[in-house]
Each structure stands twice: as structure tokens, then as C-alpha cells.
Amino acid sequence: MTDDAAAAREKEVASPTPAAEPSAVRATDVIVHELRNALAIATGNAALLAEGRADPNATRETDDRALDCLRAALDRMGRTLDDAERIAAAERVESPARVDLGSVAETAFECVRHDAAAAETATAPTLTVECGTVAADPALLAAALENLFRNALEHGGDAVLVRSLPDGAGFLVADSGPGIDPDVREDVFDPGVSTRAGGGASGLGLHIVDRVATAHGWTVALREGPADYPGACFEFRTGTRGTAE
């Protein structure tokens, strides 16, 4: 090995491993916490089912309750893994395609609306689109919109709007719900920060939205929404890389 090669090797070995971004560390902590909790619930209820089968005095109602809890825990694990996959996928988008923002929004809304219908919501949710095209990765854009739509419907916003900004340099997503709690507005995109009253959510949804925006070179921020949509309003500034027309 030459002196230059040896020196380069020493420098490589001595160089510290780059530290992970704080938000990435927090997101990992949240994911691990969610999976551990869901696994504990699933394991406990699986044990109850096993005991019920061995106990001739066990009731069907007890078994059904344990089975429901087991299914809910597995669903929670599945959602958390989906979130982890989306976070991992939200890297720099180098070659965005020109996509119809309205079409992507309608497809994403239909998926979320189906879940809301399954949960027997009181009012059928509606989506209004007033937008053109945007340069984006279609799958990541859909993931961000699904999280925003789900966030809206879970908070009582049964009407959602996707609209191009007046200057053509982005778009907004607004809903008719109660809006974001002032106590969490400043940190709403941080992993683990839940906007659901009383908690009960992983707090990864809006972090994914922020990661998707960053991957595209966009910015996303909370702002005051249109008069007909006084709830949460998220403004995406796409700049030169993607302009909703």
C-alpha cells in the first residue's frame, strides 16, 4: 500500500459516522414504540384466546373481545409499518413527473373515504379539487395527500379542498374541521406529535407530509384557510420544481 493510500485509509477509518438527523431518530423511536405496544397487545390477546380454548367455562363474548383486540393490534402494526415505509421512501426526488394533482387527490381521497365509511362516520366526506398539474413523484404525493385527508376526516372535517395557489407556485389542502390545537401547531410536523384529542395516534402522519415536501424541494406550512374551510390548512410552496397550474 502506498503512503498516499495508507493516509487515505487512515482518514477514512478516523472519520466519524455521520450522525442521523434528530427528526429521523425521533421517527425511529416512535415507530419502535408503536410496534412494541401493538405487539404486546397482540401477544396478550392471543394468550387469552389460547386460554379460552382450553377453558370449558370461557364464553364466546370473551373470545370475541380478545379477537377484536388482536385484530386492532395487527392493524395498528400494519399502519405503523406503512408509515415507516413511506418515511424511508421520502428521499430526494430527482426526476419528478408532471402529474394531474386533482386526479391523484381524488384517488387518494377515495381510499381514505372508504376507511371512513367503514368506520360509520355520520356524514359522507366530500372532496373539492380546483387545481392543475404539479411536478412530483406520484406515489409520494399520494402518500402525503392520504395522510392529510385521513387527518382531516379523523378530526371531523367532512369537507376537504385541494386548490392551486393564486400565484401558481403551489397548492393548499384545507378542511372544514376544528383545526389544529394551538398547543401543537408549532411542532405539528415533528414525529410523535399527535393532533388527535387525547392522543391515541402515532404522530407520524404529518411528519410524512413534511418529509414528502422536503424530498421534492418544496415547503409546507400551516396557514389560515379559505372561509368555507376554516379547519386545518396546509400550504405547499412548490417553487420552480413543481407548479400547480
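Residues numbered from 1 in each chain as written. Predicted model: local features only at pLDDT ≥ 70, side-chain atom pairs only at ≥ 80, totals over all residues. Heavy atoms only, no water.

(A) The arrangement of the overall build of the protein chain in detail. Secondary structure assignment for the protein chain yields six helices and seven strands. Moving toward the C terminus, one meets the helices and strands of the protein chain in the order α-α-α-β-α-β-β-α-β-β-α-β-β. Per-residue burial for the protein chain yields a buried fraction of 39% across its 245 residues. Here the analysis covers contacts within the protein chain between residues at least 6 apart in sequence; of these, 73% occur between residues at least 24 apart. With the model as given, the accessible surface of the protein chain reaches about 13,700 Å², and the carbon-plus-sulfur share is 52%. (Helix = DSSP H or I, 4+ residues; strand = E, 2+ residues; numbered from the N terminus. Buried < 20%, exposed > 50% of the residue type's maximum accessible area, 1.4 Å probe, protein only. Contact = heavy atoms within 4.5 Å. Areas by Shrake-Rupley, 256 points an atom, 1.4 Å probe, with all protein chains shown as cover.)

(B) Summary view of the packing of aromatic side chains. All told, the structure shown has five aromatic pairs when counted by the stated rule. Judged by centre distance (6.3 Å) and plane angle (85°), the ring pair of tryptophan 218 and phenylalanine 236 falls under edge-to-face. With tryptophan 218 in the loop between α6 (205-216) and β6 (219-222) and phenylalanine 236 in strand β7 (residues 233-237), the pair connects residues that are 18 residues apart, well separated along the chain. Exposure class is identical for tryptophan 218 and phenylalanine 236. Each is buried. (Phe/Tyr/Trp six-rings, centres within 6.5 Å; stacked < 30°, edge-to-face > 60°.)

(C) Spotlight on the sheet that holds β6. Read across the open sheet, the five strands follow the order β2-β4-β5-β7-β6; overall the sheet is mixed. Each edge of the open sheet carries a strand with a single partner, namely β2 (126-130) and β6. Within this sheet the neighbouring strands show an average axis-to-axis angle of 15°, counted without direction. Lying on the sheet, helix α5 (residues 138-154) is in contact with β2, β4 (159-164), β5 (170-175) and β7; it crosses β5 at an angle near 25°. In this fold α6 packs onto β6 and β7, with an angle of close to 145° to the strand it touches most, β6. (Pairing = 2+ DSSP bridges. Axes fitted to C-alpha atoms, helices over the stretch in contact; angles between N-to-C directions.)

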